[in-house]
Amino acid sequence: MTQLAPAPSTLTPQPRPRQPRPSHQGGTLLAAGEPMVWLLAAGLGMAIAMISGLVALVVWNGAATFWPVPVVEVRTLDGSIHLGEVVRSDTYRPDEVVLQSIPEGDREAVRAAIEGEGGLASRRLLRTANFDLSGTHFTWVDDFSIAPGGESNPEWAVVVERLEWGRFVGVPLRGEQGGAVVAEGEEATWTWYEDHHAEARRLWRERRELKSDEMGALNRRIEEARLDLRRAELREQAPPEWVTAWTDLSRARAVHDESGIEASRSRLAAIEAAGFRPNERFLEAIEGYEAIERSTEGEFAALRGRIEDLDAQLAAEVMVLGTVDGQEQAIPLAEIVRAVPQNRLSWFGRLGVYLDRWMEFLLDDPRESNSEGGVYPAIFGTVAMTLIMTIAVVPFGVLAALYLREYAKAGPLISAVRIAVNNLAGVPSIVFGVFGLGFFCYVVGASIDQLLFSASLPNPTYGKGGLLWASLTLALLTLPVVIVATEEALAAVPRSMREGSYACGASKWQTIHRIVLPRALPGIMTGAILAMARGAGEVAPLMLVGAVKLAPELPIDGTLPFVHPERSFMHLGFHIYDLGFQSQNSEAAKPMVFTTTLLLITLVAMLNLMAIWIRARLRRRFAGSQF
Amino acid sequence: MADQTFTGWVRRRTTSARVKVADAAARVLITTAGLATIVAVAGMCVFLVAIAAPLFLPGKVSAARSLAPQLAEDAAAPVHVALDEHRTIGFACFGDGEVVVFDSETGDPIDRRRLFDEPPTAWSFVPGGDLAIFAFADGTVRHGTLGFTAEFVEPSEIEPEFRTLEVGASRRGDGGVVQRTASGSFRIQRFAAALSEPAKISEKPVRLVDLSMLTTGPVLVAVDDERTLHVKSVTVIRNMMTRRETLRVSGGSIELPPTIGGGSLPVHCLLEGRADSALLVWADGRALRIDTRDRSEPALAERLDLLPEGGGTITAVSFMIGKTTLLVGDADGAVDAWFRVRPSEQSELAALVDGTRLVRAHRLEGAAGVAVRSLAASNRTRMAAAGFADGSARLYSVTNDRLLATCPPQDGWHQAITALSISPKDDGLLTASADGCALWQVDVPHPQTTVGSIFGKVWYEGYERPEHVWQSSSGTDEFEPKFGLVPLLFGSIKATLYAMLFGTPLAILAAIYTSEYLHPRTRARVKPAIEVMASLPSVVLGFLAALVFAPLVERVVPALLASFFVIPFAVLVAAHAWQFLPTARATRLAGWRVPLGLLAAAAGLAAAFAGGPAIERWCFGGDIMGWLAWKPDGEPSPFASPFGGWLLLLLPFSTVGSWWLVARASSGRMRTAISRMDRPQAAAAQLAKFLAGSALSLGVAAGLAAALSALGFDPRGGVVDTYVQRNALIVGFLMGFAIIPIIYTIAEDALSSVPEHLRSASLGLGATPWQTAVRIIVPTAMSGIFSAVMVGLGRAVGETMIVLMAAGNTPILEWNIFNGFRTLSANIAVELPEAVPHSTEYRMLFLAGLSLFMLTFLVNTFAEWVRQRFRKRAFAL
């Protein structure tokens, strides 16, 4: 602090010599309260550091997941050999049990080495993979247990990402086609693999499409015909036993089983005697169903034949790999998603694999119970849900805010409503989930099922969690965000502008429409984006109203009516929960969780930053005029 | 001239219709849509209430249908009655072995048959099924089932006379009762009895008998004329050639001591469901419990008095489902429920023969002065019914001592209810007396939930004492769901508390620094950055907590605990060192306080981690996990001393105390002395003061810890106890992350909205920024800061994903910071997807949701109210 100068005295005529005043520097020091200020500063610093550290942790781990790391081969003192990617390393305090596993000759040297490090030892976690042979995915290797010179990076170690059983690490031995060896030796096999893999995968994809698209279409046709029949049954109030008897009859006819025909006929006659008479329309519906069943039978057989052909073709091409402990494993080329000789790759080669894995992650379906492959359905589900939610929440939120701010008469009731709406933002999201499940699924959905989908009951169509209900639940959850933001934006429009508009003779609606809303629009958009950000990151209510770990079909696809709001869907947030918490092999799933997390927080942060950017622009545009 | 304007435009003086219509339409649309939105939001609360409310509604028992007045030809009273699950057919069994089957719609007898040639001397009907056993004068017993069979018949095959039945209607015929089902086919319910061949168990006539069915086969107990108790297992041997079944009986017997009952025979003999304990009851209330775990050598386990109040006579005894809880009715109309408990105290346990004792857990509200004549238990729940001597009956929910309904006698009927039965689906009550039978319709969907049983302690079967328990499902049919919300509420509060303890101070410190010390341009960057963190999805935090931090923290607990003290200490030491800087330099470098403070904190953290093993060695016997899990067992152990735990627990308090002491001591002359000093001297004095204060707080804590340890107090079992990997510490830490941005934002808003002129005035009067902040800004913004804390609390209470993933989800009542818990929100997330709509569990989960809703809504409303007051006050300044 600056030295306090004595006040110039104007009363005394002659200047007195300056008296040195006590400095009181200590007092200034006390008053500044520096230690407490430091506590405040450290508080802020720690808050920022912890939060950014958390984000950095996610970003680092998430981004590193797909980078191909070198494959190491280690031979330990007790003679076992491991080959795998190094996942991570740490230091720990080995106890006596660990030391006992070291062969006796080396034990003392190891003990001395550990004690030299203060009792600590470092170890690495190798992803040794080959679960189908070894029964484990990972192995810890102690650095002290490695035999001298026992560590190397074998050039031809290949990491194979398979459709099943997780990864495989081994050395390519030979390529076989239909049982005959067509390539032998590492290099030749690898070249053969590179030449044939793309074609095998193309066939595999063809088979997958046959199975899912064409088979699915056939199944849907039969299912629809069955539902038509059921609808007719309900309409005509046909007793179910009549229908079973009729089906038995037509089956017996098809195989010319005279006694069966006779028995079914008499059953039909008995029921008809009891009072039921099928009319023409009902008989037509039955015949229509049977016709479809007959016609699809042939198509099914043809499809199955094609699939079997492809299967045979796919099974013929096999790459045989040898593991580090001398076992051999034959892997059909079609089963190989990607094989990477990670030790042979240059930096750019690695980058290529890295980007390729990212592409797969973003654009492909998950496999291996979600711990491998992509998250495309989850991204799709998250985006679709957020969009439907936004479409539902913005109009109502804006209307409610307009009412509260422009039309309702200010009074205690309206301020109470305003407080209540404000507080709704603080109500736990799970409560909205409870409401969504109880009201949307079990009340509204069940009623819709009763009215429109009674044919497929007791299987619920809308009476269970689904995309629509999840979106509406989250719309309710984010409604306060939109209302509050819109109200703030409306309130920020200066009174003078409204008054000017009225003075020009504009009506209330004209004023709102031409003057208020355009000026409030950025604020409303901010609210909408904040609502999207909140909705996209919310998981708890979705667990109740429709997010599932694996949805077989996307909620929007190529079959009529294209949008299926009743379907369950996958969600990035739920994916994280499911992978991280319910996964069998959580160590293998962890990198994927980090990457999914990175994706989700990027999405949410982008939405938020957009809102903040709009808000800042808005503030700049309207600032300065007031003060 | 009037029409002539300067611009040449003609002014229209009327508003065009289009504008008017648009205006009106907008008004109507906005008003309806706005109101509808608000009403819809309010409807949410109404809906939650509507689903949860039936839990508390009382049950309904609608008027009885009196059935055939006389079932027996000789006006005898039945000893047992039963109904089928659709309430279409029933039977009554009489003491002479006669069974009358009747249509429960009309009461018309369908069948009348005698089960045995000889009348039985004793019988027992097992609750929770249709098992029964009869004993005879020749010392033999026959066991088997008396129940109903259902046969489904297609309409084409049913007798023509039934084809006209409406859906749901029933009619007598075809040896039973025919009912048309909803799917259109017909169901014929018939009475069926299947009894084994006689098996001889005694040479003397059997006077009392009971049976329990184990997976290995039936086990029975019987008392014969000579006061001998027989315990027998029955094995059925099937001859492969002849396909004939023979029964082989094995087991032992025990003579009843003559000292009890004055040599008379007991009046009741019962065998528990697992056949490990039998009970003999005399009319005067005295009882013997026999340990029958070893069937060949039954032994006396306990002597009891079932009427501890003295006097009275026991008039009815029955087991409930599972045959564990015993209902005892006496001549004064009281109904008690007894069951065996296993005491947790070692000393008590040692005194017991089989490690358990029978205790009276429930007293039900009986009809005063009217003897209980019969008791019946539900086949699926803890409902029970009692029939009284005056012909009335009562329906109870035993676990929560609740009287569900009273059924008065039929007009003109006076005979005692000798048998009664709750229908298999708990929707009917059949009472029988010598006057006849009456069928009551029972509609009690949620017998086990009352305000008392949800929020209070309930004595569940097998528990040592009344407790708060949440356990909604289990593997067995006989399991009783336990719906006590208290453990879940407790979990929510525990999570919130630990999260607030960690998050609030940090957030408020950061907010004050941001608003008072940060350059506006920096503030404009920092604040949005922290706000973005508020929308960090909580599932991310949950995942990090459970999979990254939980395994990490487990390895560094002592260092982590130490860092709570070492980090602030390091920061304060650094601040005191900073004071040695000359004024000019300190002023110039003031902007570096945040990074330097952070550096000091990091140094503190590093020091704590470096010192962690040492602390573990000194305070926790070298292994904190072992120290926490240690239980006194008389053995000498390095973990026996509670000193280290006390030290860490007391340190915060002693710090606050010595802070206060040092501040008091240095406020007067010492302060004046320091203010007169030069800057370096003053800084040195301050540092000395601080170090002295720190030493004092450590010393006080150590002294107190030593004293408490010497006195034999141990913190373990309270706030600290056995370490579980997913625990409150982790949740508190990560949930702290979730609430820091919220508290920070709102508190910072409150601080910055303190009018600028107050700040200017204070600074202008020569106050330092610190003095301004502490004496002017913070007190003015206090209510705003408070409301920020409340909003943070609201968020912490309802947070789901973090606790779901990181809290272990065991619903226990324990403050232990190293143990998990289950919160209301996590419980909903775990159980609601599996709950059957409209079941008790479903409604309980809605009640949990409603509690959360109300809790957060109230907290937030309060915060909002405080904030509005604050705003008004700030405006007034």
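Residues numbered from 1 in each chain as written. Chains lettered and ligands numbered in written order. Predicted model: local features only at pLDDT ≥ 70, side-chain atom pairs only at ≥ 80, totals over all residues. Heavy atoms only, no water.

1. Some remarks on the overall build of chain B
Phase 1 of the analysis: A count of helices and strands for chain B gives 19 helices and 33 strands.
Phase 2 of the analysis: In summary, chain B has a C-alpha radius of gyration of 38 Å against a globular reference of 29 Å for 877 residues, an excess of more than 25%.
Phase 3 of the analysis: Principal-axis analysis of the C-alpha atoms places the extent of chain B at approximately 115 × 110 × 55 Å.
Phase 4 of the analysis: Expressed as a percentage of the 877 residues in chain B, the buried residues total 53%. (Helix = DSSP H or I, 4+ residues; strand = E, 2+ residues; numbered from the N terminus. Rg over C-alpha atoms; globule rule 2.2 N^0.38 Å. Buried < 20%, exposed > 50% of the residue type's maximum accessible area, 1.4 Å probe, protein only.)

2. Concerning the packing of helix α12 (residues 412-424) of chain A against helix α14 (residues 467-492) of chain A
Each packed pair of helices is defined by two parameters, the angle between the axes and the distance between the axes.
Residues and elements named next belong to chain A.
Phase 1 of the analysis: Between α12 and α14, the least distance of the axes is 8 Å, while the angle of their chain directions is 130°. Between α12 and α14, the interaxial angle falls into the category oblique. The element α12 and its partner α14 pack so that their crossing is left-handed. When α12 is examined against α14, the residues Arg418, Val421, Asn422 and Leu424 are found in contact with a partner set consisting of Pro480, Ile483, Val484 and Glu487.
Phase 2 of the analysis: Within the contact of α12 with α14, the residues separate by chemical class into five nonpolar, one polar and two charged. (Axes fitted to C-alpha atoms, helices over the stretch in contact; angles between N-to-C directions. Parallel < 35°, antiparallel > 145°, perpendicular 65-115°, else oblique. Left-handed = near helix turned anticlockwise from the far one by under 90°. Contact = heavy atoms within 4.5 Å. Nonpolar A, V, L, I, M, F, W, Y, C, P; charged D, E, K, R; others polar.)

3. Observations concerning the side chain of Glu841(B)
Residue and element names in this part refer to chain B.
Phase 1 of the analysis: Within the secondary structure, Glu841 sits in helix α19 (residues 840-876).
Phase 2 of the analysis: The side chain of Glu841 sits in the buried core without any salt bridge; Arg822 is the nearest counter-charge, 7.4 Å away.
Phase 3 of the analysis: A distance of 3.2 Å separates polar atoms of two side chains, one belonging to Glu841 and the other to Ser472.
Phase 4 of the analysis: In this structure, Glu841 is in contact with Ser472, Phe483, Glu831 and Ala835, ignoring residues within four places of it in sequence. (Lys, Arg positive; Asp, Glu negative; His and termini not counted. Salt bridge = Lys/Arg side-chain N within 4 Å of Asp/Glu carboxyl O. Polar contact = N/O pair within 3.5 Å; in protein donor to acceptor, adjacent residues only side chain to side chain.)

4. Quick look at the domain arrangement of chain A
Residue and element names in this part refer to chain A.
Phase 1 of the analysis: In terms of domains, chain A is made up of domain 1 (71-153), domain 2 (170-238 + 278-352) and domain 3 (373-621).
Phase 2 of the analysis: The centre of domain 1, based on its C-alpha atoms, is set 51 Å off from the matching centre of domain 3.
Phase 3 of the analysis: Taken together, the contact pairs five residues of domain 1 with four residues of domain 3.
Phase 4 of the analysis: Across the interface of domain 1 and domain 3, roughly 360 Å² is buried in total on both sides, 52% from carbon and sulfur atoms.
Phase 5 of the analysis: Contact with domain 3 buries surface across domain 1, with Arg88, His137 and Phe138 losing the most and accounting together for 72% of the total.
Phase 6 of the analysis: Our enumeration of links across domain 1 and domain 3 arrives at zero salt bridges. (Domains from an automatic or database assignment. Buried area = accessible area lost by both parts, 1.4 Å probe.)

5. Quick word on the packing of aromatic side chains
Phase 1 of the analysis: By the definition in use, this model includes 43 aromatic pairs over all chains.
Phase 2 of the analysis: When the centroid spacing of 5.4 Å and the interplanar angle of 55° are considered together, the rings of Phe66(A) and Phe361(A) count as tilted. One end of the pair, Phe66(A), is in the loop between α2 (34-64) and β1 (71-76); the other, Phe361(A), is in helix α10 (residues 347-363), and 295 residues separate them in sequence.
Phase 3 of the analysis: Using a relative accessible area of 0% as the deciding quantity, one classes Phe361(A) as buried.
Phase 4 of the analysis: For the pair Phe435(A) and Phe47(B), a centre-to-centre distance of 5.4 Å together with 90° between the ring planes defines the contact as edge-to-face. Linking Phe435(A) in helix α13 (residues 429-452) with Phe47(B) in helix α1 (residues 17-52), this pair reaches from one chain into another. Comparing Phe435(A) with Phe47(B) shows no difference in burial state: the two are buried.
Phase 5 of the analysis: Of the aromatic side chains, those joined through ring pairs into one cluster are Phe435(A), Phe439(A), Phe440(A), Tyr442(A), Tyr462(A), Trp469(A), Phe47(B), Tyr842(B) and Phe846(B).
Phase 6 of the analysis: One residue, Arg123(A), lies across the ring of Trp140(A), its end atom 4.0 Å from the ring centre. (Phe/Tyr/Trp six-rings, centres within 6.5 Å; stacked < 30°, edge-to-face > 60°. Lys NZ or Arg CZ within 6 Å of the ring centre and 35° of its normal.)

6. Some thoughts on the nonpolar core
Nonpolar side chains in soluble globular proteins tend to end up buried together.
Phase 1 of the analysis: By size, the foremost hydrophobic cluster in this structure holds 229 residues, and its most contacted members are Leu44(A), Leu485(B), Tyr513(B), Val539(B), Leu544(B), Phe818(B) and Leu832(B).
Phase 2 of the analysis: Broken down by element, the residue count for this core peaks at 17 residues, all from helix α14 (residues 728-752) of chain B. (Core = buried A, V, L, I, M, F, W, Y, C linked by side-chain atoms within 4.5 Å.)

7. Section: the interface of chain A and chain B
Phase 1 of the analysis: Between chain A and chain B, the contact holds 93 residues from the first and 107 residues from the second.
Phase 2 of the analysis: Of the roughly 9,300 Å² buried between chain A and chain B on both sides combined, carbon and sulfur atoms contribute 80%.
Phase 3 of the analysis: Taken together, chain A and chain B are joined by two salt bridges.
Phase 4 of the analysis: Connecting chain A to chain B are nine residue pairs in polar contact (both at pLDDT 80 or more).

8. Describing unusual backbone geometry
Phase 1 of the analysis: Of note in the backbone geometry, Trp165(A) takes a positive phi value of approximately 70° without being a glycine.
Phase 2 of the analysis: In this structure, Arg227(B) takes a positive phi of about 60° despite not being glycine.
Phase 3 of the analysis: By secondary structure assignment, the location of Arg227(B) is in the loop between β14 (217-224) and β15 (228-238).

9. A few points about α14(A)
Residue and element names in this part refer to chain A.
Phase 1 of the analysis: Between its first and last C-alpha, α14 extends 36 Å over 26 residues, near the 38 Å set by a 1.5 Å rise per residue.
Phase 2 of the analysis: Along α14, the helix axis deviates most sharply at Thr478, where the bend reaches about 40°; the proline Pro480 sits within four residues downstream.
Phase 3 of the analysis: Of all 26 residues making up α14, 20 are buried, and the element is well covered by its neighbours. (Expected span 1.5 Å × (residues − 1). Bend = angle between axes of the 7 residues up to and from the residue.)

10. What to know about the pairing of strand β17 (residues 268-271) of chain B
Residues and elements named next belong to chain B.
Phase 1 of the analysis: Here β17 shows two buried faces, one formed by His268 and Leu270 and the other by Cys269 and Leu271.
Phase 2 of the analysis: The sheet contact formed by β17 and strand β18 (residues 277-281) spans four bridges and is antiparallel. Within β18, the residue paired with Cys269 across the bridge is Leu280.
Phase 3 of the analysis: If you look at the hairpin formed by β17 and β18, you'll find five residues sitting between the two strands, and Ala275 has a positive phi there, around 60°. (Pairing = 2+ DSSP bridges.)

11. Some thoughts on empty space enclosed by the protein
Residue and element names in this part refer to chain B.
Phase 1 of the analysis: Evaluation of the coordinates by the stated rule reveals six cavities of 30 Å³ or more.
Phase 2 of the analysis: Space inside the largest cavity adds up to approximately 90 Å³.
Phase 3 of the analysis: Elements represented by at least two residues in the lining of the largest cavity include exactly β30 (428-433) and β31 (436-443).
Phase 4 of the analysis: Considered class by class, the residues forming the lining of the largest cavity number nine nonpolar, seven polar and no charged.
Phase 5 of the analysis: In this structure, the second largest cavity spans a volume of roughly 70 Å³.
Phase 6 of the analysis: Contributing to the lining of the second largest cavity are Thr399, Asn400, Gln448, Thr449, Ser453, Val458, Tyr460, Glu480, Pro481, Lys482 and Phe483. (1 Å grid on protein atoms, 1.4 Å probe; cavity = no way out; pocket = protein on both sides within 12 Å on 5 of 7 lines; lining within 4 Å. Points joined across faces, edges and corners; volume = space filled by probe spheres on them.)

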